[in-house]
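Close look at the chain arrangement
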Amino acid sequence: MSSGHGNEHSKHPSTKKYVIIAIILFVITAIEFLIILPESMQGSALAFGPLVLLSIAKFYIVIMFYMHLKFDNPLLTKIFYGGLALGTVVGIALIGLYAGLTGTPREYAEARAVPYEGYYAEKTNDSSAYAQSLIPTPAPMTESSNAADASTGSGDAAAGEAVFSGTLGCVGCHTMEDLPGAVGVLGPNLSQIGTVAGTRSALSAEDYIKESIDAPTAYVVEGYAPVMPELRSSMSDEEYEDLVAYLVSKK
Amino acid sequence: MAQITEAAHHEEEQNCTGIDNRKLLFWVFLSTDCLFFGALISTYMVYRGQSLVGPYPIDILDIPLTTISTFVLLCSSFAMVMALSATQKDDLKGIRIWLAATAVMGMVFIGFQIFEFWEFAHHGLLISTNLFGSTFFTLTGFHGAHVSLGIVWLWVLFILSFRGKVNSARVLDVEICGLYWHFVDIVWIVIFTLLYLVGGFDAGPVITG
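These notes cover the structure that comes with them. (Residues numbered from 1 in each chain as written. Chains lettered and ligands numbered in written order. Predicted model: local features only at pLDDT ≥ 70, side-chain atom pairs only at ≥ 80, totals over all residues. Heavy atoms only, no water.)

All names here are of chain A. Taken as a whole, helix α10 (residues 193-200) has its buried residues at I193, G194 and A197. Considered in projection along α10, the buried side chains sweep an arc of 95° and stay on one side of the axis. Contacts from the buried residues of α10 go to α11 (205-214) and α12 (237-248). (Buried < 20%, exposed > 50% of the residue type's maximum accessible area, 1.4 Å probe, protein only. Helix = DSSP H or I, 4+ residues; strand = E, 2+ residues; numbered from the N terminus. Arc of directions from axis to C-beta. Contact = heavy atoms within 4.5 Å.)

Quick look at the structure:
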């Protein structure tokens, strides 16, 4: 403070005040952490209000004292509050528009979500049962010929591609690199399944692929959840053979 | 001589508001940066609880660890105001110590973040895994980028202090850097509360509790 610059900067808080402010910020953060420590408060709506209020308090203390808006030209406060208010309103509008006003998108997600073994395995010790309960069962097609003659005749691979990308929804979970839109990641990548299939179990490539469709959970590739639905009854025998031929051809 | 040019220089930078041009512009920038982070935070909140595959927040977020890194960032804000205070007093040793302390604590914070990102990737959460991954990495990644820029800025000031370019006549240089640093801190206050303390226990679309 030896030079003549004291006129503006002397209004800044003293070192002692800065220390006190730092301690207050520390205490608030510690309280926030303590609030969510009991398991009953974790993710609870009860904790939401206090947490938001405490963080607003921290926010206010930092901008007022550390960024010294309290001691500066009021115009700066107005400029900053302007942007802050605009950002907040845009945020509330977005959340209202997409997560509130147009119904409940979470219901959409709930019906389709695949639980992650990390949390559900601990909570329920039965993640696959939970997973199965979340997967909607496709309605069997009425016109499917139920002859089930287990023919080994080879199908048409080109027609199989249409089955694969069609209403069964294979592409939602499986990636097929040369097929646009087939970018799903829930199930294994099938781009080379014709080669890979023969190496997974004792079965031949064709038999392994058939088993994977007939009984999806008979063999589940490591790292994937046993969530593939039973789809054999949703396709005709011809579609089934075409699909198998298509997958076998993917080498 | 140097004092006179410095004073003349300063007078030029004033405008009819009585606020230095650089400071005025910087507050306008911070105001617009609120919109930037406001958009990213809202996007996270809109897509909260809508991921279809795991890992979900509850599976991988480490809240105690992030609380520690939050403390470090708060500490660095304190070091920053001490650096400004030292600059006003022309306390060269204090300037260097506090600027370096701020920068080092910022680097510790970034270190925590790199560790966190690495852990997430290790547990299978990438930016393309699910909506949680996309919105989380975009938001915290941009915040990390802001902190990183601030660290570079602080080290530049630290180096300039050895060339006699950080002193009470140029206090605005340190003050504006400080404004940026504190802004990054307040953005983290919001992120920490919403992503970790409030949303950190989300188990996919099924919100716990």
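Residue and element names in this part refer to chain A. A cluster of nonpolar side chains, contributed by V19, I23, V27 and I31, occupies part of the molecular surface with about 310 Å² of accessible area. Tracing the sequence through the fold places I31 in helix α2 (residues 15-35). I31 gets classed as partly exposed once you look at its relative accessible area, which sits at 38%. (Patch = residues over 30% accessible without salt bridge, like charges linked within 9 Å, V, L, I, M, F, W, Y side chains within 5 Å. Areas by Shrake-Rupley, 256 points an atom, 1.4 Å probe, with all protein chains shown as cover. Salt bridge = Lys/Arg side-chain N within 4 Å of Asp/Glu carboxyl O.)

This paragraph deals with the interface of chain B and chain A. Taken together, the contact between chain B and chain A spans 61 residues of the former and 61 residues of the latter. Buried surface at the junction of chain B and chain A, both sides included, amounts to about 5500 Å², of which 75% is carbon and sulfur. Across the salt bridge formed by B:K23 and A:D72, the nearest N and O atoms sit 2.7 Å from each other. The interface formed by chain B and chain A contains 4 residue pairs in polar contact (both at pLDDT 80 or more). Those elements giving two or more residues to the side of chain B that touches chain A turn out to be α2 (21-46), α3 (57-60), α4 (63-88), α7 (171-198) and β2 (206-207) of chain B. Ranked by residues supplied to the side of chain B that touches chain A, first place goes to α4(B) with 14 residues. Here the side of chain B that touches chain A is built from residues that sort into 38 nonpolar, 17 polar and 6 charged. (Buried area = accessible area lost by both parts, 1.4 Å probe. Polar contact = N/O pair within 3.5 Å; in protein donor to acceptor, adjacent residues only side chain to side chain. Nonpolar A, V, L, I, M, F, W, Y, C, P; charged D, E, K, R; others polar.)

The next point concerns the pattern of salt bridges. Under the counting rule described, the total for this entry stands at 9 salt bridges over all chains. Residues B:D202 and B:R48 are paired through a salt bridge, measuring 2.6 Å at the closest nitrogen-oxygen approach. Taken together, the residues span a long stretch of sequence, with B:D202 in strand β1 (residues 202-203) and B:R48 in the loop between α2 and α3 at a distance of 154 residues. Close ionic contact of B:D173 with B:R170 constitutes a salt bridge, the shortest N to O distance being 3.9 Å. A residue is classified by how much of its surface remains accessible, and B:R170, at 31% relative accessible area, is partly exposed. Salt bridges linked by common partners bring A:D72, B:K23 and B:E175 together as one network.

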